[in-house]
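The lines below spell out each chain.
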Amino acid sequence: MPVLAFGLCVVSLVGVALDPAQVAALYFSVPFVAICYLYYHLRHGRRMRPALVQTKEN
């Protein structure tokens, strides 16, 4: 399913890029999404996950 969703997003981006009236949307939306992902990674992506506590069974 994720591969299908990614493929459809690429098809959508190509369609928008080929439409002269919509190409400006790519100039603003693609960098905006990249900035959002970068912000999320810097804000939340670096946190260390707590180690799982392993118990020994006797």
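Just above, that's the structure.
Predicted model only: the values in this text are computed from it and were never measured. Sequence order as written defines residue numbering, which begins from 1 separately in each chain. With pLDDT at 70 or above as the cut-off, local features in this predicted model cover only qualifying residues; side-chain atom pairs require 80 or more to be listed or tallied, and sums for whole chains, interfaces and linings still use all residues. In computing side-chain values, all of the structure's heavy atoms are included and hydrogens and water are not.

**Quick look at the overall build of the protein chain**
Under the DSSP-based scheme used, a helix requires at least four consecutive residues in state H or I and a strand at least two consecutive residues in state E, with every element numbered from the N terminus. Tallying secondary structure elements over the protein chain gives 2 helices and 0 strands in all. Computed with a 1.4 Å probe, the accessible areas rest on the Shrake-Rupley method; for each residue, only the protein chains presented here act as cover. Per element, the accessible surface of the protein chain, about 6,000 Å² overall, is 69% carbon and sulfur.

**Describing a nonpolar patch on the surface**
Each patch is built from residues lacking any salt bridge and having more than 30% relative accessible area; the joining distance is 9 Å for like charges and 5 Å for nonpolar side chains (Val, Leu, Ile, Met, Phe, Trp, Tyr). Salt bridge criterion: a side-chain nitrogen from Lys or Arg within 4 Å of a carboxyl oxygen from Asp or Glu. Judged by side-chain polarity, F6, V10, V14 and L18 come together as a nonpolar surface patch covering roughly 410 Å² of accessible area. Along the chain, V14 turns up in helix α1 (residues 2-18).

**Examining the environment of L13**
Within the secondary structure, L13 sits in helix α1. Classification of L13 by relative accessible area gives partly exposed; the value is 41%. On a C-alpha basis, the gap between L13 and V23 in space is 9.4 Å, while along the polypeptide they are 10 residues apart. Per-residue accessibility, obtained with a 1.4 Å probe over protein chains only, is compared with the maximum for each type, and a residue is labelled buried under 20%, exposed over 50%, and partly exposed between these values.

**Let's talk about the environment of Y27**
Along the chain, Y27 falls in helix α2 (residues 23-45). You can call Y27 exposed: its relative accessible area is 59%. Along the primary structure Y27 and A17 are separated by 10 residues, whereas in three dimensions their C-alpha atoms are 9.8 Å apart.

**Some thoughts on the environment of V16**
Relative to the elements of secondary structure, V16 occurs in helix α1. Judged by its relative accessible area of 24%, V16 falls in the partly exposed class. Linking V16 and L26, residues 10 residues apart in sequence, is a C-alpha distance of 7.5 Å.

Everything listed is a geometric property; what it means functionally is a separate question.
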